Amino acid sequence: MSFVSQPWSNISIEFDDVGLLERMTTFALSTIPSCVFLFINGTILFTLRSKSVFRDTCRYILLFNLLIADTAQLAVCQVLFLLSVCRITLTYPVCGMLTVLGILTNVISPLTLMVMSLERCVAVCLPLRHAMIVTIRNTRLAIIAVWTSSSLHNIFRVILLLDFPFEDLDSLQMRDLCSELTMLLGSRSKMYDNAFTGFLFVSAAIVIISSYVGVIIAARSASTGKASALKARKTLMLHLVQLCLSLSSTIYNPMLIALIKIVQTVVFLRLHKFLYVLIILFPKCLSSLIYGLRDQTIRPILLSLLEFVSPFQSFVL
């Protein structure tokens, strides 16, 4: 998980050289796509709650949970990015609340992908027992377990922060811009965060790849529908791509730290904005498009809602 802003301590970058026009351009290029995809996410979330076929189907319940996490994370990332562009610093408590929300939703995404992959694997490998294993009750329990795991991770991070001597500070006002890395106060926090991130993504990759292999093996069985197996394989491959996109955000801050050492400040500032759109914003926007346009049940409802809203928006504008 990574946010934008100053990803290291005791390094100050002067943004005053950046002109007003460039700041406004950056604001527009990042905010407009974010608002568009937040609107699309909101439309899909409304769609998933508006029909009983979605509310009573386990995979759509899991999809709703995934989109909730992605939408919240996209909103937090955009807020922190705009704060960094405007050079607005926060207090430690406010920054802590924002980063906790971002980390909470960021952990939920790969965990939910793991559960969705297992659900597809059961549907293909154990079709006769799928309805008994993948029930509404079990799905809700899985979602509770996902949120609980992410919450425990955040609680442990907060406990590690207690070692930091906040009482020695003159003020709780931060000198650096708010980001997840600026809230990693102490070597133990950094070690734990790196270890947890590595464990999380390796575990998710193992589960998704194992599910994919299981589906391939089941597809060779005469008792398994070939069309169903092929569709499940494509879905699992899609989950693996999504996991890679989520993982890409973890290289963002290390990349910025490496760049500041080898490029000039003005060049770095522009690369910082470009990399934000490419590595942070773009991957967060894909989930809604992937599912909204790919799913044959969601797509017609989504398109009809977007067509209904578009004329109204044009009239308002």
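Residues numbered from 1 in each chain as written. Predicted model: local features only at pLDDT ≥ 70, side-chain atom pairs only at ≥ 80, totals over all residues. Heavy atoms only, no water.

Caption draft 1: Focus on the packing of helix 4 (residues 92-125) against helix 7 (residues 187-219). For the pair helix 4 and helix 7, interaxial distance at closest approach is 9 Å and the crossing angle is 15°. In terms of orientation, helix 4 lies roughly parallel with respect to helix 7. The crossing of helix 4 and helix 7 is left-handed. Contact with helix 4, carried on its side by Val107, Pro110, Leu111, Leu113, Met114, Ser117, Leu118, Cys121, Val124 and Cys125, involves Phe196, Leu200, Phe201, Ser203, Ala204, Val207, Ile208, Ser211, Gly214, Val215 and Ala218 of helix 7 and no other residues of that element. Counted by class, the contact of helix 4 with helix 7 contains 17 nonpolar, 4 polar and no charged residues. (Axes fitted to C-alpha atoms, helices over the stretch in contact; angles between N-to-C directions. Helix = DSSP H or I, 4+ residues; strand = E, 2+ residues; numbered from the N terminus. Parallel < 35°, antiparallel > 145°, perpendicular 65-115°, else oblique. Left-handed = near helix turned anticlockwise from the far one by under 90°. Contact = heavy atoms within 4.5 Å. Nonpolar A, V, L, I, M, F, W, Y, C, P; charged D, E, K, R; others polar.)

Caption draft 2: Focus on the pattern of salt bridges. Applying the stated criterion across every chain, the model contains 2 salt bridges. Between Glu119 and Arg120 there is a salt bridge whose closest N-O contact spans 2.8 Å. Of the charged contacts in the structure, one is a salt bridge between Arg157 and Asp193, with a shortest N-O distance of 2.7 Å. One end of the pair, Arg157, is in helix 6 (residues 136-161); the other, Asp193, is in helix 7, with 36 residues separating them in the sequence. Residue Asp193 is classed as buried on the basis of its relative accessible area of 8%. (Salt bridge = Lys/Arg side-chain N within 4 Å of Asp/Glu carboxyl O. Buried < 20%, exposed > 50% of the residue type's maximum accessible area, 1.4 Å probe, protein only.)

Caption draft 3: Just the environment of Leu289, in detail. Tracing the backbone shows Leu289 in helix 10 (residues 265-294). As a C-alpha pair, Leu289 and Phe37 span 252 residues in sequence and 8.6 Å in three-dimensional space. Ignoring sequence-local partners within four residues, the contact set of Leu289 consists of Phe37 and Arg294.

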